[in-house]
Amino acid sequence: MNMLPKPESRTESRYDILFEPIKIGPVTAPNRFYQVPHASGMTNALPRIRAKFRETKAEGGWGVICTGACSIDLSSDDAPLPMATMWDDNDIKAHAMMTDAVHRHGALAGVELWHGGASVMNRQTRVAPLSPSGIPWMATHVGFMGNLRPKTMDKQDIRDVLRWQAEGARKARIAGFDIVYVYAGMGYLGYEFLLPEYNHRIDEYGGSLENRVRFVREMIEVTKDAVGKDCGVALRVSLEELRAKAGRNQASEAHELIELLSDIPDLFDVKMDSSPTDCSPSRFTGEGSHEPVIDFVKKLTKKPVVGVGRFTSPDAMVSQIKRGVLDIIGGARPSIADPFLPNKIRENRIEEIRECIGCNICISSWHDGVPVRCTQNPTVGEEWRRGWHPENPGKAGVAERVLVIGGGPAGLEAALTLGRRGHHVTLADKGTAFGGRLTFEKTLPGLSAWNRVVDYRLGRLREMTNVEMYLESDLGVDEIIDLAPDHVLVATGARWTKFLYSSMEIPVGKLAHERVFTPDDIAAGRMPEGPTLVFDFDNYYMGGVITEHLASKGVPVTYVTPAGQASAWTIMTNELPLIARALTSRNVAVRTLEMVSAFDGETVTLANIFTGQKTELQCRNVVISGLRLPRAELFEAMNARRADLEAAGIKSFELVGDALAPGALAHAVHSGHRAAQELGLGPQPFRRDAPIVEFEPSYWSDRGNA
Ligand code: ADP
Ligand code: SF4
């Protein structure tokens, strides 16, 4: 009898290595998928939201789940930016909720104990910030600026921090953590000791690298003494600056640092130094961008090494391991965009991975001080609050016929979620391709990865037998009545306008001239000819990227904004410095703090927003990237014929996405998801979290003794 060959399973061959257990000191991670510490915007005051958010990733197969920065003392207070604390018994309880949740799925829980050193302003606690030599960390981001300079630590301060770290570690163990961090990166206290620019000490903690490493070494040692029998002790260290410094015996100081500490921690978690390089946007950086800085670490230590690089491709992950770059695949953004990434790889469902698009909306949430939001994963932060699950929206009580009009991000997400809920879905779009605004935006410089929003959803929709999709279907009210669905979602998007504002707050009508363009004109192929001025008061990506697009086509462009910098809001997404660099490299003149007040086809008049001083520039065209308004004509026509729709059996119709409230892609996707979850039910409960107060509020008579 002929035996059929066993079908090759990629999980059993190529990717098996990703599912090997890894020892981290006294504990063992079940696989090589490691959710590195990352900000979630969820403080100890939101313990249930946080626990469910982290638990969902453990459920999805991540072998280790870490907290974000967790303060060990009052002198490390980042308020009003969200941070966790490990200060008292209530904190232990709040964290235990997360570790219990993570353990339920067989994952390990890690805590990133943290002292911010000179980078925190202690706005809430009013304690002096600490630093090796009184050198402040001077922020360029307004969200981090402060006017309190740090104290120079004396020997007692050093002993205190070591004691707080040990006490924090003991509390962490009681809270159920398996891995405890020492943090020496991203401008924080340990990092400040490592860098000679911050560390001017003349005692045994300053000078030679051996001396500058001493504080970090002692932090690891006290942590090991406190919990090393039960917990893995990890060192998180930024290596970008140190790698750029020549070493005495090795290629760089980064090499020497790893050599000096090679046997001491149980795990090295290696990274870059600043948020824009560590968490770089896809617009300017690809997958695996840390490798040139961290590729040497494994050669100098036998301890496991974890690192990140916005890894979403299992082949790239395997390559990192096989080439000896990393032992463990770290993920922050990929784990937010797809909490089930490991399980999908294990189950050979690679095409179902919801790949992070690298837009950094997640980071903007932290800057905004709210729980994390994600463009690709609308359920993030909503796992407990709204009861949403990233893979399973739950089955609807009754399967109904739903017409979704508009196949942009909102319509695609709505159709996908409705389909998963078991409804019979018809998705119609008047265009020749699905994707809405992204059909154009994906062609703009650096934005191709953003189309993963469309690719992921279209791929899944095409597999569903209860979803029908139609292009070139410009639906009006009569067609909708003929189709007579039970429900209609109107996801017809928004359009850019030619409105101007005075001093950016009061609308003052449209700029009327035939050579005034909007991004929609450019999307439609109407290109300006000759010198062009882009006026941007939207402040997110569009003005800057349209400028890049025009410049790349040879159009001479001047960029003008009433804000202080080009694409000013992108300071929230780490893109701002890179956009400035891109505009400079394309020879774009950038003018700030000015607004357009007149244009006659030859001359544009600009006014300084503070002084009103006028400047005239010669240009043939003006492109306005400013106000977007909903494309809601169809919805309004439906409203006008409500009785006819009801007579046809249509029970509800509503706006979603940009047609409801124009916003970022993340808003459109969330709106589409919510409409699908709540179809026919109306607004569902929004649960409010509350801090744990099981114990009496504690006093800090002797800091560290709560
Ligand atoms: P969102 O971000 O909210 O998804 P987009 O602007 O990206 O919005 O997408 C809106 C989509 O709706 C576009 O693809 C557009 O072609 C489509 N659309 C707009 N009006 C109609 C209509 N009357 N019938 C069918 N499709 C429409
Ligand atoms: Fe990735 Fe954007 Fe989601 Fe962040 S918000 S995880 S960058 S897709």
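Residues numbered from 1 in each chain as written. Chains lettered and ligands numbered in written order. Predicted model: local features only at pLDDT ≥ 70, side-chain atom pairs only at ≥ 80, totals over all residues. Heavy atoms only, no water.

J.: I'd love a proper account of the site of ligand 1, names of residues and values included.
T.: The environment of ligand 1 is formed by 22 residues, the closest being Ala410, Asp429, Lys430, Arg437 and Asp658. The side chain of aspartate 658 places a nitrogen or oxygen atom 2.4 Å from an oxygen atom of ligand 1. Protein contacts shield 93% of the accessible area of ligand 1, which totals 580 Å² for the unbound molecule. Class assignment of the residues belonging to the shell around ligand 1 gives a composition of eight nonpolar, eight polar and six charged. (Near = heavy atom within 4 Å. Polar contact = N/O pair within 3.5 Å; in protein donor to acceptor, adjacent residues only side chain to side chain. Areas by Shrake-Rupley, 256 points an atom, 1.4 Å probe, with all protein chains shown as cover. Nonpolar A, V, L, I, M, F, W, Y, C, P; charged D, E, K, R; others polar.)

J.: I'd like a rundown of the sheet that holds strand E15 (residues 424-428), residues and numbers included.
T.: Strand order in the open sheet formed by five strands is E16-E15-E14-E17-E30, and the pairing between neighbours is parallel. With partners counted over all chains shown, the strands left at the sheet margins are strand E16 (467-470) and strand E30 (652-655), one partner each. Taking each pair of neighbouring strands and ignoring which way they run, the sheet shows an average axis angle of 15°. In this sheet, E16 lies alongside E15 in parallel orientation, the contact comprising four bridges. Paired with leucine 427 across the two strands is methionine 469, which belongs to E16. Strand contacts of helix H15 (residues 409-420): strand E14 (401-405), E15, E16 and strand E17 (487-490), with the helix running at about 165° to E15, the strand carrying the most contacts. (Pairing = 2+ DSSP bridges. Helix = DSSP H or I, 4+ residues; strand = E, 2+ residues; numbered from the N terminus. Axes fitted to C-alpha atoms, helices over the stretch in contact; angles between N-to-C directions. Contact = heavy atoms within 4.5 Å.)

J.: Hey, could you go over the environment of alanine 523 for me, with residue numbers and the actual values?
T.: Here alanine 523 is to be found in helix H19 (residues 519-523). Placed 171 residues apart in sequence, alanine 523 and glutamate 352 show a C-alpha to C-alpha distance of 30 Å.

J.: Please set out helix H5 (residues 209-227) residue by residue, giving values where relevant.
T.: Here H5 spans 27 Å end to end across 19 residues, near enough to the 27 Å set by a 1.5 Å rise per residue. Restricting attention to buried positions, one finds in H5 the residues Leu209, Asn211, Arg212, Val213, Phe215, Val216, Glu218, Met219, Ile220, Thr223, Ala226 and Val227. Those residues of H5 that are buried lie in contact with helix H3 (155-175), strand E9 (179-184), helix H4 (189-194), strand E10 (232-238) and helix H7 (253-261). (Expected span 1.5 Å × (residues − 1). Buried < 20%, exposed > 50% of the residue type's maximum accessible area, 1.4 Å probe, protein only.)

J.: Hey, could you go over the side chain of glutamate 112 for me, with residue numbers and the actual values?
T.: Structurally, glutamate 112 can be placed in strand E6 (residues 108-114). A relative accessible area of 3% places glutamate 112 in the buried class. Within the local environment of glutamate 112, its side chain forms a polar contact with the side chain of arginine 236, the two groups lying 2.8 Å apart. If sequence neighbours within four positions are ignored, glutamate 112 has contacts with Pro37, Thr67, Gly68, Ala69, Cys70, Tyr181, Tyr183 and Arg236.

J.: So what about the site of ligand 2? Which residues, and what values?
T.: Taken together, 13 residues sit near ligand 2, with Cys356, Cys359, Asn360, Cys362 and Cys374 positioned nearest. Among the elements of the structure, helix H12 (333-337) and helix H14 (361-368) are those that each provide at least two residues to the shell around ligand 2. In terms of residue count, H12 provides more of the shell around ligand 2 than any other element does, three residues in total. In terms of residue class, the shell around ligand 2 is made up of eight nonpolar, three polar and two charged.

J.: Outline the pairing of strand E23 (residues 557-561), listing residues and values.
T.: Within E23, five of the five residues are buried, which leaves the element mostly enclosed by the surrounding structure. Residue alternation in E23 divides its side chains into two sets, Val557, Tyr559 and Thr561 and Thr558 and Val560, and both sets are buried. For the handedness criterion, the β-α-β arrangement of strand E22 (residues 532-536), helix H20 (residues 541-552) and E23 is classed as right-handed. With four bridges joining them, E23 and strand E24 (residues 589-592) adopt parallel strand pairing. Among the inter-strand pairings, threonine 561 is bridged to a residue of E24, identified as threonine 592. (Right-handed = clockwise from strand over helix to strand, strands pointing away.)

J.: Requested: an account of unusual backbone geometry, with residues and values cited.
T.: Residue alanine 79 is joined to proline 80 through a cis peptide bond whose omega torsion reads 10°. Within the secondary structure, proline 80 is located in the loop between strand E4 (64-71) and strand E5 (84-85). Phi is positive for asparagine 574, which is not a glycine, with a value near 70°. By secondary structure assignment, the location of asparagine 574 is in the loop between E23 and helix H21 (576-585). Judged by its relative accessible area of 4%, asparagine 574 is buried.

J.: Account for the state of the cysteines, naming residues and giving values.
T.: This model, assessed by the stated rule, comprises zero disulfides. Considering cysteine sulfurs only, cysteine 66 is the nearest to cysteine 231, which forms no disulfide, with 12 Å between them. Looking at cysteine 231, the relative accessible area reads 1%, which means it is buried. (Disulfide = S-S within 2.5 Å.)

J.: An account of the sheet that holds strand E26 (residues 603-608) is requested, with residue identities and associated values reported.
T.: Taking strand neighbours across the sheet as the criterion, the three strands line up as E25-E26-E27 in an open arrangement whose pairing is antiparallel. Each edge of the open sheet carries a strand with a single partner, namely strand E25 (594-599) and strand E27 (614-618). In this sheet, adjacent strand axes meet at a mean angle of 30° when their direction is disregarded.

J.: Which residues make up the nonpolar core, and what values do they have?
T.: Judged by nonpolar contacts, the single largest core of 79 residues is most densely connected at Leu18, Leu239 and Ile345. Excluding its chain neighbours within four sequence positions, the residues that come into contact with leucine 239 are Ala254, Leu257, Ile258, Val270, Lys271, Asp273, Val293, Ile294, Phe296 and Val297. Ranked by size, the runner-up nonpolar core spans 56 residues in total, among them Val453, Leu461, Val623 and Ala664. (Core = buried A, V, L, I, M, F, W, Y, C linked by side-chain atoms within 4.5 Å.)

Everything listed here is a matter of geometry and, on its own, says nothing about what the molecule does.
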